[in-house]
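Architecture at a glance
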Amino acid sequence: TDWLNPFFADKNSCCTETYLLIGPFDDKETANNVIQYTQTKFFHFMIGLTKITQNTMQKAYSYVPLQDFNEGWTDQRLYQKYGLSEEEINFIESMIRPME
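This write-up is about the structure you can find in this document. Here the structure is a predicted model, which means the values were calculated and not measured.

1. Structural notes on the layout of surface pockets
Looking at the second largest pocket, its volume works out to about 250 Å³. What lines the second largest pocket is a set of 13 residues, and nearest its centre among them are I22, F43, Y61, V64 and L66. Broken down by element, the lining of the second largest pocket gets its largest block of residues, three residues, from helix α1 (residues 28-38). Considering only residue class, the lining of the second largest pocket consists of 11 nonpolar, two polar and no charged.

2. Focus: the packing of helix α2 (residues 41-48) against helix α4 (residues 86-95)
Relative orientation and spacing of two packed helices are given, respectively, by the angle between their axes and the distance between those axes. Contact pair α2 / α4: the axes reach a minimum separation of 10 Å and the direction vectors enclose 80°. When the interaxial angle is binned, α2 and α4 end up roughly perpendicular. Of the residues in α4, those in contact with K41, F42 and F45 of α2 are F91, I92, E93 and M95. Across the contact of α2 with α4, the residue classes break down as five nonpolar, no polar and two charged.

Conventions we followed
Residues numbered from 1 in each chain as written. Predicted model: local features only at pLDDT ≥ 70, side-chain atom pairs only at ≥ 80, totals over all residues. Heavy atoms only, no water. 1 Å grid on protein atoms, 1.4 Å probe; cavity = no way out; pocket = protein on both sides within 12 Å on 5 of 7 lines; lining within 4 Å. Points joined across faces, edges and corners; volume = space filled by probe spheres on them. Helix = DSSP H or I, 4+ residues; strand = E, 2+ residues; numbered from the N terminus. Nonpolar A, V, L, I, M, F, W, Y, C, P; charged D, E, K, R; others polar. Axes fitted to C-alpha atoms, helices over the stretch in contact; angles between N-to-C directions. Parallel < 35°, antiparallel > 145°, perpendicular 65-115°, else oblique. Contact = heavy atoms within 4.5 Å.

Right, dumping it as structure tokens:
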């Protein structure tokens, strides 16, 4: 249930290390595609492979593959891209609860 709560920061803004920064991006559509990717079960499963505490440090993302963010990503497209079997898909689906 540890879902990310991404948000857009204004240009020329800064933050502490409390936040994981992704970007910058040239346009809002690309940023939206990144946010869509971070809301997939696939993304959260890949984080879960290394995350062992409530804190999510940068290394917890080491198994999360980068995508072409010129397009949006869904779990179904990611499962197809990586050639996951039905058994593997069912395992991911059973391990990651949907966002509430």
